[in-house]
Amino acid sequence: MATKHAALHALIEPVVAAMGFELWGIDHLSQGKHSRLVIYIERESGVSVEDCADISRQVSAVMDVEDPIPGEYRLEVSSPGMARPLYTLDQFIRYQGHHVALKLRVAFDGRRKYQGLLAGVEGDEVLLQLDGEEFCFPIESIDSAHVVPQFDE
């Protein structure tokens, strides 16, 4: 699975970069015989609907030629938004001090879901502060993670 994700990333990233965007991440979600490929793009000046449409057209052309996903799939291109998913150690570093929600691949202390303050990164481990405790999760143990937006009242 990781190899397929790496192959998709290697195929899509140059297209996105050539258009002046950062490839924030990719989610390939299988849904029976249909699947969904979600591409998250980022740019300091922001991402518009037109930007998403332009990248969708370019990525579609490459995907049609390379055909890396068997069967039918729906392509979506989006900004990562406020509740942005986190995929890499660099992204976790960039969002240090923010609240995040993590879902682990395998339960730790009887649970798979954690939410707390992202304290930082040490080596290949993500540090999460929760209820006065600090937890260290190796990045490869994290199935999914996203920023939890905080709104001041």
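Right above here is the structure, for reference.
In this text, all values refer to a predicted model and were calculated from it rather than measured experimentally. (Residues numbered from 1 in each chain as written. Predicted model: local features only at pLDDT ≥ 70, side-chain atom pairs only at ≥ 80, totals over all residues. Heavy atoms only, no water.)

### A word on the side chain of E42
Basically, it comes down to this: For helices the rule is a DSSP run of H or I covering at least 4 residues; for strands it is a run of E covering at least 2, with both sets numbered from the N terminus onward. Definition of a polar contact: a pair of N or O atoms within 3.5 Å, with one able to donate and the other able to accept a hydrogen when the atoms are protein atoms, and with sequence-neighbouring residues admitted only if both atoms are side-chain atoms. By definition in these notes, contact holds between two residues if any of their heavy atoms fall within 4.5 Å.
By the element assignment, E42 lies in strand β2 (residues 34–42). Separated by 2.6 Å, the side chains of E42 and R84 make a polar contact. Excluding its chain neighbours within four sequence positions, the residues that come into contact with E42 are F21, E22, W24, V47, P80 and R84.

### Description of the pairing of strand β6 (residues 125–130)
Let me state the cut-off plainly: Pairing between strands requires that DSSP locate at least two bridges from one strand to the other.
Bridging between strand β5 (residues 111–122) and β6 involves five bridges; their strand directions are antiparallel. Bridge pairing in β6 links V121 to V126. Note that β6 and strand β7 (residues 133–138) share six bridges and pair antiparallel. Across the sheet, the residue bridging to L128 is F135, located in β7. The hairpin formed by β6 and β7 contains two residues between the paired strands, and D131 there has a positive phi angle of roughly 50°.

### Topic: the layout of surface pockets
Here is the rule: Every definition here rests on a 1 Å grid over the protein atoms only: cavities are sets of points where a 1.4 Å probe fits but cannot get out, pockets are open sets enclosed by protein on both sides within 12 Å along at least five of seven lines, and lining residues have some atom within 4 Å of a point. Grid points are joined across faces, edges and corners, and a volume is the space filled by probe spheres set on the points. Residues are grouped as follows: Ala, Val, Leu, Ile, Met, Phe, Trp, Tyr, Cys and Pro are nonpolar; Asp, Glu, Lys and Arg are charged; every other residue, Gly included, is polar.
Roughly 880 Å³ of volume is contained in the largest pocket. Taken together, 30 residues make up the lining of the largest pocket; nearest its centre are H5, I26, D27, Y87 and D143. Elements represented by at least two residues in the lining of the largest pocket include exactly α1 (2–18), β1 (22–31), α3 (89–94), β4 (99–108) and β8 (142–147). Each residue belonging to the lining of the largest pocket can be placed in one class, and the counts come to 16 nonpolar, nine polar and five charged.

### Focus on the environment of F151
With respect to the helices and strands, F151 occurs in the segment after β8. Each C-alpha atom, one on F151 and one on L86, is 20 Å from the other, the two residues being 65 residues apart in sequence.

### Some words on the nonpolar core
Basically, it comes down to this: The nonpolar core is taken to be a set of buried Ala, Val, Leu, Ile, Met, Phe, Trp, Tyr and Cys residues, with the residues joined through side-chain atoms within 4.5 Å. The cut-offs for exposure are 20% and 50% of the maximum accessible area for each residue type, with area from a 1.4 Å probe on protein chains only; residues under the lower value are buried, those over the upper are exposed, and the others partly exposed.
Core analysis: the biggest nonpolar cluster contains 20 residues, and L86, F92, L102, Y114, F137 and I142 have the highest contact counts within it. Looking at this core, the elements with two or more residues in it are β2, β4, β5, β6, β7 and β8. Among all residues touching I142, those that are not within four sequence positions of it are F92, L102, K103, L104, R105, V126 and F137. Among the nonpolar cores identified, the runner-up in size contains 17 residues, and V16, C52, L75 and V77 belong to it.

### Considerations on the sheet that holds β1
Here is the rule we go by: Only C-alpha atoms enter the line fits that serve as axes; for helices the fit covers just the stretch in contact. Angles between N-to-C directions range over 0 to 180 degrees.
The sheet built from three strands is open, its strands ordered β1-β2-β3 with mixed pairing. Of all the strands in the sheet, just β1 and β3 (72–78) have a single pairing partner and so form its edges. Sheet twist, expressed as the average angle between the axes of neighbouring strands with direction ignored, equals 15°. As paired strands, β2 and β3 are joined by seven bridges and run parallel to one another. Considered in β3, the bridge of H34 is made with E72.

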